[in-house]
Amino acid sequence: MKDAVVAHALELGFDLCRVTHAGDPESAPAFDRWLASGHHGQMEYLARNGAKRKNPQMVLPGARSIIVVAVSYAAGEEGEPARVAGTPTGVVARYARHADYHEVLGERLEALTCRVNELGGPGTRSLWYVDTGPLLERDLAQRAGVGFAGKHTNLISRELGNWFLLAEILTTAELPPDPAERNRCGTCVRCLAACPTQAIVAPFELDARRCISYLTIELKGSIPEVLRPAIGARIFGCDDCLAVCPWNRFARLGALMSGVRRDDLGQPRLLEWLRL
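Residues numbered from 1 in each chain as written. Predicted model: local features only at pLDDT ≥ 70, side-chain atom pairs only at ≥ 80, totals over all residues. Heavy atoms only, no water.

Help me understand the overall build of the chain, please; the structure alone is not making it clear to me.
The helix and strand tally for the chain stands at 13 helices and ten strands. Over its C-alpha atoms the chain spans a radius of gyration of 19 Å, differing by no more than 12% from the 19 Å that the globule rule assigns to 276 residues. Summarising its shape, the C-alpha atoms of the chain cover approximately 60 × 40 × 40 Å along the three principal directions. Across the 276 residues in the chain, those meeting the buried criterion constitute 48%. Across the chain, the fraction of contacts at a sequence separation of at least 24, relative to all contacts at a separation of at least 6, is 78%. For the chain, the accessible surface area stands at approximately 13300 Å², while carbon and sulfur atoms represent 53% of it. (Helix = DSSP H or I, 4+ residues; strand = E, 2+ residues; numbered from the N terminus. Rg over C-alpha atoms; globule rule 2.2 N^0.38 Å. Buried < 20%, exposed > 50% of the residue type's maximum accessible area, 1.4 Å probe, protein only. Contact = heavy atoms within 4.5 Å. Areas by Shrake-Rupley, 256 points an atom, 1.4 Å probe, with all protein chains shown as cover.)

Whenever I open this one, the nonpolar core confuses me. Can you help?
Side chains of nonpolar character tend, in soluble globular proteins, to be buried together. Ranked by internal contacts, the top residues of the largest apolar core, which has 47 residues, are Phe14, Ile67, Val69, Leu105, Leu109, Leu112 and Met257. Of the residues forming this core, the biggest block, six residues, is contributed by helix H6 (residues 101-120). Not counting residues within four places of it along the chain, the set of residues in contact with Met257 comprises Val71, Ser72, Tyr73, His98, Ala99, Tyr101, Val104, Leu105 and Leu165. Val59, Leu140, Ala144 and Leu160 belong to the second-largest nonpolar core, a separate cluster that totals 19 residues. (Core = buried A, V, L, I, M, F, W, Y, C linked by side-chain atoms within 4.5 Å.)

Help me understand the packing of aromatic side chains in this model?
Pairs of aromatic rings are described using the distance from one ring centre to the other and the angle between the two planes. Throughout the structure, instances matching the rule amount to five aromatic pairs. Taking 5.9 Å as the distance between ring centres and 75° as the angle between the ring planes, the aromatic pair formed by Tyr95 and Tyr101 counts as edge-to-face. Judged by its relative accessible area of 11%, Tyr101 is buried. Consider the rings of Phe148 and Trp247, whose centres lie 5.4 Å apart with planes at 75°: the pair is edge-to-face. With Phe148 in strand S5 (residues 148-149) and Trp247 in the loop between helix H11 (240-243) and helix H12 (255-258), the pair connects residues that are 99 residues apart, well separated along the chain. Across the pair, Trp247 and Phe148 agree in class, each one buried. (Phe/Tyr/Trp six-rings, centres within 6.5 Å; stacked < 30°, edge-to-face > 60°.)

I would appreciate a short explanation of the packing of helix H1 (residues 2-11) against H6 in the present structure.
Helix-helix packing: each pair is described by the crossing angle between the helix axes and the interaxial distance. One can describe the packing of H1 onto H6 by two numbers: an axis separation of 10 Å at closest approach and a directional angle of 160°. By the angle between their directions, the pair H1 and H6 is classed as roughly antiparallel. Taken as a pair, H1 and H6 cross one another with a handedness that is right-handed. Where H1 abuts H6, its residues Ala4, Val5, His8 and Ala9 lie against Ala111, Leu112, Arg115, Val116 and Leu119. (Axes fitted to C-alpha atoms, helices over the stretch in contact; angles between N-to-C directions. Parallel < 35°, antiparallel > 145°, perpendicular 65-115°, else oblique. Left-handed = near helix turned anticlockwise from the far one by under 90°.)

Given below as structure tokens:
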């Protein structure tokens, strides 16, 4: 069954497909400490459904396996937009320079989930999530062998570098788990040095309240004045800690996201956006 699931995932356009068991993530205590420190800022939903994130059985009772898929959104040098001379332009994080990934991945993940239920037989129940469910997905992905957590706290893949999206299927079907990936971050600290707002307060520890992605996407109020100069032209997210990672030498173009890239989001013209 597992071979058929993986084969179908690749046919649907996913770049990686791995499996882990549905037990509690080992990082649950660290997650609790992170919440207690207040580093999640205004993202109260992380605390509100924290119990579910630490226990997949609360998300899908009877779950036995978690299927983790990854999709590359690497563009390559040829996919990087050219500057627009004489026009004020903004910077959008790479993952958002496409059609909405929730829809792109969700359509295919739903099809893969149907295949899992079909192969699992009568009574098989499965739930799929694309960055929408109460899961510690980075940690589950590491346990499934997709990648390892870097010092910037994002997942790094030996096959995809830093530029990829994750999605999961929880299922009551039992599939053989893949071996977990060990941490291979080494002694490099480029990401810590690259962060414009020093949001990576220690290796493997992010204070989201200082992160430009949080400030330009999650924060509902005004950006603190002291952090504004470091934001520069970034108007939606930030890629600096990901871009400097040496593991990007293994990044490869993903056909699925390349097909839905929006070039108009590469260097959006700010005066046009202000008129919206």
